[in-house]
Amino acid sequence: MRHTQGRADIISVFLNKNVAISHSDIEAEMDSQYDRVTIYRTLKSFLEKGLIHKVLDDTGTMHYALCDDACSEVEHQHDHIHFKCNNCGETTCLENVHIPKVSLPNGFSYEESNYLITGTCDKCN
């Protein structure tokens, strides 16, 4: 991936936040430095290159979080739990929580899964 100041600035937002963030969160952090389309295209590139993954929460707003080292352009390895705090609203990736294997009925094929648990995070508890 070619290094640009915009990409560096947007990835630094992810590195400074330890939670999933939305497009509008990034816009707010950038303080009108980059337009919506630039941010959208950057997020799309990061997704395609395996740098970030999508995080769905109960609001319907798409959030994004940094991938771990196992992700690549070829395959994302992000079958983990996302935890959304009902108090602060932050969504966190819980990489080390075991997810039971799900057996799908015949004729169904797995592509991606999203696990969201809501409650109170350790900071708000």
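Note that residues are indexed from 1 along each chain, following the sequence as it is written. This being a predicted model, a pLDDT of at least 70 is required before a residue's local features are given, and a value of 80 or more before pairs of side-chain atoms are given or counted; all residues contribute to the totals for chains, interfaces and linings. Only hydrogens and water are removed before side-chain values are computed, so all heavy atoms of the structure are retained for them.

S.K.: How do you make sense of the overall build of the protein when you look at a structure like this?
M.R.: Strands are runs of DSSP state E lasting at least two residues, helices are runs of H or I lasting at least four, and both sets are numbered from the N terminus onward. When its secondary structure is counted, the protein shows three helices and six strands. Along the protein, from the amino end to the carboxyl end, the secondary structure elements read α-β-α-α-β-β-β-β-β. Scored against the burial criterion, the 125 residues of the protein give a buried share of 33%. The protein chains shown are the only cover counted for residues, whose accessible areas, like all others here, come from Shrake-Rupley with a 1.4 Å probe. Approximately 8,400 Å² of the protein is accessible, and the part contributed by carbon and sulfur atoms is 46%. Positive: Lys, Arg. Negative: Asp, Glu. His and the chain ends are not part of the count. Where a charge lies is defined by one atom per residue type: Lys uses NZ, Arg uses CZ, Asp uses CG and Glu uses CD. If the 11 positive side-chain charges of the protein are averaged to one point and the 19 negative ones to another, these points end up 6 Å apart. We call a residue buried when its accessible area falls under 20% of the maximum for its residue type, exposed when it is over 50%, and partly exposed in between, using a 1.4 Å probe and counting protein chains only.

S.K.: So what exactly am I meant to see when it comes to the sheet that holds strand β5 (residues 91–94) here?
M.R.: Strands in a sheet are paired, the pairing made by backbone hydrogen bonds, and the direction either parallel or antiparallel. The mixed open sheet is built from three strands, whose spatial order is β5-β4-β6. Two strands bound the open sheet, and with one partner strand each, they are β5 and β6 (115–119). Recorded for the sheet is a direction-independent mean angle of 30° between the axes of neighbouring strands. DSSP bridges decide pairing: two strands pair if at least two such bridges lie between them. Sheet topology places strand β4 (residues 81–85) next to β6; five bridges connect them, and they run parallel. Of the residues in β6, the one forming a bridge with Ile81 is Tyr115. Only the stretch in contact is used when fitting a helix axis, every axis being a line fitted to C-alpha atoms; angles between N-to-C directions are given from 0 to 180 degrees.

S.K.: Would you take a moment to explain the nonpolar core for this structure?
M.R.: Proteins that are soluble and globular tend to have nonpolar side chains buried together. Judged by nonpolar contacts, the single largest core of 14 residues is most densely connected at Ile10, Phe14, Ile26, Met30, Ile39, Leu43 and Ile52. Elements represented by at least two residues in this core include exactly α1 (5–16), α2 (23–30) and α3 (36–48). It is α3 that contributes the most residues to this core, four residues altogether. Pairs of residues are marked as contacts when any of their non-hydrogen atoms sit within 4.5 Å. Apart from the residues lying within four places of it in its own chain, the contact partners of Ile26 are Ile10, Val13, Phe14, Ile21, Ile39 and Leu43. Nonpolar core, defined: a set of buried Ala, Val, Leu, Ile, Met, Phe, Trp, Tyr and Cys residues in which side-chain atoms within 4.5 Å join the residues together.

S.K.: So what exactly am I meant to see when it comes to the side chain of Thr42 here?
M.R.: Following the sequence through the fold, Thr42 ends up in helix α3. Among all residues touching Thr42, those that are not within four sequence positions of it are Arg7 and Ile10.

S.K.: Can you help me understand the packing of α1 against α3 in this one?
M.R.: Two packed helices can be described by the angle between their axes and the distance between those axes. For the pair α1 and α3, interaxial distance at closest approach is 10 Å and the crossing angle is 70°. Of the possible angle classes, the one that applies to α1 and α3 is roughly perpendicular. Residues Arg7, Ile10, Ile11 and Phe14 of α1 form the contact with α3, whose participating residues are Ile39, Thr42, Leu43, Ser45 and Phe46. Any residue that is not Ala, Val, Leu, Ile, Met, Phe, Trp, Tyr, Cys, Pro, Asp, Glu, Lys or Arg is counted as polar, Gly included; the first ten are nonpolar and the last four charged. Of the residues in the contact of α1 with α3, the class split is six nonpolar, two polar and one charged. For classification, angles of less than 35 degrees are called roughly parallel, those exceeding 145 degrees roughly antiparallel, those between 65 and 115 degrees roughly perpendicular, and all remaining angles oblique.

S.K.: Looking at this structure, how should I read α2?
M.R.: Three or four residues apart is the spacing at which side chains of an α-helix point the same way, because the helix has 3.6 residues per turn. His23, Ile26 and Met30 are the residues of α2 that are buried. Along the long axis of α2, the arc covered by the buried residues comes to 65°, so they all point the same way. Residues of α2 that are buried in the fold lie against α1, β1 (21–22), α3 and β3 (62–66). With its phi angle positive at about 50°, Asp31 sits one or two positions after the end of α2. By construction, the arc corresponds to the directions joining the helix axis to the C-beta atoms.

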